[in-house]
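Structural overview for review
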Amino acid sequence: QVQVVESGGGLVQAGGSLRLSCAASGRTFSSYTMGWFRQAPGKEREFVAAIRRSEGNTYFADSVKGRFTISRDNAKNTVYLQMNSLKPEDTAVYYCAVRSFISSRPYYSTDGYAYWGQGTQVTVSS
């Protein structure tokens with residue numbers, strides 16, 4: 001089973017930056033699409049960004065487009081989420097997820113991901 005561990009969360013001022021890391025086990029890491037989702041208390045989990053095996057194929061939610069960047073280092077089995085110009089609305093628990101090898105779901109759908117990390121808290125102060 002794939003193990004997914006997020007890190008890098010914390011408290012940051014509005015307008016600041018934060019970089020999240022996601023380490024996933026498995027020698028076939030490079031074959032999987034990876035995604036970032038977030039969930040605020042009392043709200044549904046929402047899509048943030050995703051990256052396919054090729055770094056030329058990335059996807060972002062409209063709410064973060066232009067501010068967030070997703071990248072991956074397959075040699076290190078790690079995916080990164082660079083968050084710039086952070087807003088209080090970005091406050092949430094951020095989850096990294098591994099897409100199912102067999103999935104017809106859109107990249108922004110939680111149903112298409114098989115393995116999830118425990119989440120890392122991101123808090124943006126005003």
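Everything that follows concerns the structure shown earlier in this document.
Keep in mind that this is a model prediction, so the values were computed, not measured.

The rules we used
- Residues numbered from 1 in each chain as written.
- Predicted model: local features only at pLDDT ≥ 70, side-chain atom pairs only at ≥ 80, totals over all residues.
- Heavy atoms only, no water.
- Buried < 20%, exposed > 50% of the residue type's maximum accessible area, 1.4 Å probe, protein only.
- Helix = DSSP H or I, 4+ residues; strand = E, 2+ residues; numbered from the N terminus.
- Pairing = 2+ DSSP bridges.
- Salt bridge = Lys/Arg side-chain N within 4 Å of Asp/Glu carboxyl O.
- Disulfide = S-S within 2.5 Å.

**Observations concerning the pairing of strand β5 (residues 46–51)**
Counted residue by residue, β5 has five buried out of six residues, so it is predominantly covered. Strand direction decides the pairing type here: strand β4 (residues 34–39) and β5, joined by five bridges, are antiparallel. Paired with R38 across the bridge in β5 is E46.

**Quick word on the pattern of salt bridges**
A side chain with one charge may pair with a side chain of the opposite charge, provided their charged atoms come close. Summed over all chains, the structure comprises four salt bridges. Put simply, K65 and D62 hold a salt bridge, and the shortest N to O gap is 3.3 Å. Taken individually, K65 and D62 each receive the classification exposed, so the pair is uniform in this respect.

**Some remarks on unusual backbone geometry**
Where the residue is not glycine, phi is negative for most of them; where a peptide bond is considered, it is trans in most cases. Even without a glycine there, the phi angle at N77 is positive, about 50°. Inspection of the secondary structure puts N77 in the loop between β7 (68–73) and β8 (78–83). Backbone geometry places S85, a non-glycine residue, at a positive phi of 50°. Looking at the element boundaries, S85 is found in the loop between β8 and β9 (92–99).

**Re the environment of G66**
Note on placement: G66 falls in the loop between β6 (58–60) and β7. The sequence separation of G66 and S85 amounts to 19 residues, and the corresponding C-alpha distance is 9.3 Å.

**A word on the state of the cysteines**
Using the criterion set out here, one finds one disulfide in the structure. One disulfide bridge connects C22 with C96, the sulfur atoms lying 1.9 Å from each other. Residues C22 and C96 share a disulfide whose torsion about the S-S bond is about -80°; that sign makes it left-handed. Of this pair, C22 sits in strand β3 (residues 18–24) while C96 sits in strand β9; the two residues are 74 residues apart in sequence, bridging distant segments of the chain. The same class applies to C22 and to C96, which are both buried.

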